[in-house]
Amino acid sequence: MISDSPERTTTGENAQTLRLILTDQLSRSISALDGIDARADLVLMVESPDDAGHIPHHRQKLVLMLSAMRHFASSLRSEGIRVEYMPLDDPQTPTSFPEALDRIVARDPVTQVIATEPQSWQPAEQLHAWRPQRSDLSIEIREDGRFLCSRERFSRWMDGRSTPRLEHFYHHMRRETGWLMEDGHPEGGRWNYDVQNRKRLPSESSVPARVAFRPDKVTLEVIALIRRRFPTRFGELAPASFAWAVTREQAFLALQEFVDQRLPSFGTYQDAMRAGNPFLFHSLLSPYINLGLLTPTEVCEAALTTYRDDQAPLNAVEGFLRQILGWREYVRGIYQLSMPAYARTNFLDATRPLPTFYWTGDTDLACLREAIQSTTQNAYAHHIQRLMVTGNFALLAGLSPADVEEWYLAVYADAYEWVELPNTHGMALFADGGMLASKPYAASGAYIHRMSDFCRSCVYDPKAKLGVNACPFNYLYWNFLIAHRTQLQHNPRMALPYRTLDRMSSPYVHAVTDEAEAFLRRLPTDP
Ligand code: FAD
Ligand code: SF4
């Protein structure tokens, strides 16, 4: 067990405060560390085998989490703070953080445990359910102050709203923060510049290379550990393939590189996709924000400074701000208010098992292959790949929400249930019946063809609607509308596609369902 100081110096009556830091709480400003007394208090950090083993996390994600935890522990120690660090490779490490708490409380004269409320349901439940053996011990669970909208403020905003919408919440947050506001009005006269942000990337455009951080000694040790422990697990993990920042300093460099190099084009090409180029002008900052290496405020302020310095246009900065000030806070608020019932909804009665190609990339649909390959190589795919390629396919094919959610939670470096679940369950799969999104994000092959160059290398023809060469997204799209007419036809935003469907001849509709069903029957799944 790594423990910085075998000699436990405590103050006064040997009182000791134990401060728990979970994997995604790696911020010096986290509420659990507020008021810490470096001489008397002990910080507990656990690389829990349960966390690593229960979900088949991408191996780069595991390395990122563990290396960032180890670096964070070192930075606390360099301030003179005592840290009890329980590493995954120590057979004595307890399987979960409640067990680790039990162990320290049984060993040390702890009188108080301080923790920050976990964001995801399961660790929050575990923490609230934890009961120490000793009655003289107090537990304080503090709110996580790193979000831009507190839980209480979000529930006040939700009060009386039966159909919350991101756009309304976002306006509220712009007013609250004053970001991109002028005399109470949105800067530039509009709240949203999405109409300028849906361009396909011209084939001659160049894209800046991803900023890559060479693994240091700590990261190399964790890579070796994860390779040993999970030799066949999903996700590439040669040392050369690991490029993530693992410290706050490195994460700041990544933020600076983003605002200097990519932010100016972020808005315009936000929805674009290009084969062999998975990052385009996206920030790749979500893993760092979610772990706590950067705060949402720091990231938004860096973008706003770039705008004020005339280095990035309004459509880019507004588009970026909306993702963090809007979407990120919104999905967290919905998740916190509606769990655990939210995860059990299955509005479209989707039950089909996840096809094996989600894990292997072995499919002749080039767009899916491309998105899954990037996921395997980088533990990353950008939002449109997640939503309109792998998510859209899962929606149209009626894949089981639980299967799809486990996949998204496992494969992305930024995936934690509080943010993954609402995005997958609500936005991509419409399993919540429209609580998060006003309509399903269902699209035919025409969308993918318009926004990417994937179709050029595909065996299917995005313009063909039926027949062996037809793009499967085309007949799956209409089949989806046919199959879910009862649930969707009264949604005003679905009126247009249903009118188009109603103009189709009956033999054509039958041919669509026949081809879709035959395709779905052929999907490879685990026995
Ligand atoms: P950028 O495109 O550069 O966006 C900037 C930042 O905005 C991101 O870093 C992120 O912090 C925030 N953001 C953007 N969109 C969202 C959103 N919809 N919800 C929350 N934050 C957002 N994001 C996660 O952080 N974790 C997840 O597990 C996750 N799972 C997703 C699953 C599905 C099915 C979908 C459709 C989206 C998911 N997202 C998730 C949201 C989004 O796709 C990622 O935040 C984004 O792709 C991360 O890459 P980036 O940092 O380059 O983002
Ligand atoms: Fe995807 Fe269809 Fe294009 Fe092939 S033709 S890449 S399946 S959208």
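All values derive from a computational prediction rather than experimental measurement.

Draft legend 1. Quick look at the site of ligand 1. Looking at ligand 1, there are 28 residues lining it, with H282, S283, L284, Y380 and N423 nearest. Within the side chain of H282, a nitrogen or oxygen atom sits 2.7 Å from an oxygen atom of ligand 1. Between N290 and ligand 1, the recorded distance is 2.9 Å, taken from a side-chain N or O atom to an oxygen atom. Relative to its free-state accessible area of 810 Å², ligand 1 is covered by the protein chains to the extent of 99%. Take the shell around ligand 1: its biggest share by element is six residues, from helix α17 (residues 417-428). When the residues that make up the shell around ligand 1 are grouped by side-chain class, the tally is 15 nonpolar, nine polar and four charged.

Draft legend 2. Seen up close, the pairing of strand β5 (residues 110-116). By the criterion of burial, β5 is predominantly enclosed, with five of the seven residues buried. As defined by bridge partners, strand β2 (residues 16-20) adjoins β5 across four bridges and the pair is classed as parallel. Bridge pairing in β5 places L18 opposite V113. Handedness of the β-α-β unit built from β5, helix α4 (residues 121-129) and strand β6 (residues 138-142) comes out right-handed.

Draft legend 3. Representation of the domain arrangement of the protein chain in the model. One can read the domain layout of the protein chain as domain 1 (17-142), domain 2 (151-338) and domain 3 (357-521). Computed from C-alpha coordinates alone, the two centres of domain 1 and domain 3 are separated by 39 Å. With 12 residues of domain 1 at the interface, the matching set in domain 3 holds 16 residues. The contact between domain 1 and domain 3 buries some 1100 Å² in all, and 59% of this surface belongs to carbon and sulfur atoms.

Draft legend 4. Representation of helix α10 (residues 296-308) within the structure. Between the first and last C-alpha of α10 there are 18 Å, a value that for 13 residues agrees with the 18 Å anticipated at 1.5 Å per step. Turning to α10, its buried residues number three or more, namely P296, V299, C300, A302, A303, L304, T306 and Y307. Of the surrounding elements, those touching the buried residues of α10 are α8 (248-266), α9 (286-291) and α11 (314-338).

Draft legend 5. Here's a closer look at the side chain of H425. Along the chain, the position of H425 falls in helix α17. Looking at H425, the relative accessible area reads 0%, which means it is buried. Of the polar contacts made by the side chain of H425, one reaches the backbone oxygen of Y342; its length is 2.9 Å. Those residues in contact with H425 that sit more than four places away from it in its chain are Y342, A343, T345, P401, E405, F430, A431 and D432.

Draft legend 6. Just the site of ligand 2, in detail. If you check the shell around ligand 2, you find L365, A366, C367, G445, I448, F454, C455, C458, Y460, P462, C471 and F473 and nothing else. Looking at the shell around ligand 2, the elements with two or more residues in it are α14 (366-378) and α18 (445-451). Taken together, the residues of the shell around ligand 2 break down into 11 nonpolar, one polar and no charged.

Draft legend 7. Expanded view of the packing of aromatic side chains. For the structure shown, the criterion picks out 26 aromatic pairs. Ring geometry for F169 and Y330: centres 5.8 Å apart, planes at 40 degrees, overall tilted. A residue pair is termed long-range when its members are at least 10 positions apart, and F169 in helix α6 (residues 166-177) and Y330 in helix α11 qualify at 161 residues. Pair check on accessibility: F169 and Y330 agree, each one buried. One aromatic cluster is present, built from ring pairs that chain together F357, Y358, F393, W407, Y408, Y412, F473, Y475 and F519. In this structure, R332 packs its charged tip against the face of F147, placed 3.9 Å from the ring centre.

Draft legend 8. Structural context of the pattern of salt bridges. On inspection of all chains with the given rule, the structure shows 19 salt bridges. Two residues, R248 and E298, come together in a salt bridge whose shortest N-O distance is 2.7 Å. One end of the pair, R248, is in helix α8; the other, E298, is in helix α10, and 50 residues separate them in sequence. Note on R248: relative accessible area 35%, which makes it partly exposed. Across the pair E257 and R262 runs a salt bridge, and its minimum N-O distance is 3.2 Å. Judged by its relative accessible area of 2%, R262 falls in the buried class.

Quick notes on the rules
Residues numbered from 1 in each chain as written. Chains lettered and ligands numbered in written order. Predicted model: local features only at pLDDT ≥ 70, side-chain atom pairs only at ≥ 80, totals over all residues. Heavy atoms only, no water. Near = heavy atom within 4 Å. Polar contact = N/O pair within 3.5 Å; in protein donor to acceptor, adjacent residues only side chain to side chain. Areas by Shrake-Rupley, 256 points an atom, 1.4 Å probe, with all protein chains shown as cover. Helix = DSSP H or I, 4+ residues; strand = E, 2+ residues; numbered from the N terminus. Nonpolar A, V, L, I, M, F, W, Y, C, P; charged D, E, K, R; others polar. Buried < 20%, exposed > 50% of the residue type's maximum accessible area, 1.4 Å probe, protein only. Pairing = 2+ DSSP bridges. Right-handed = clockwise from strand over helix to strand, strands pointing away. Domains from an automatic or database assignment. Contact = heavy atoms within 4.5 Å. Buried area = accessible area lost by both parts, 1.4 Å probe. Expected span 1.5 Å × (residues − 1). Phe/Tyr/Trp six-rings, centres within 6.5 Å; stacked < 30°, edge-to-face > 60°. Lys NZ or Arg CZ within 6 Å of the ring centre and 35° of its normal. Salt bridge = Lys/Arg side-chain N within 4 Å of Asp/Glu carboxyl O.

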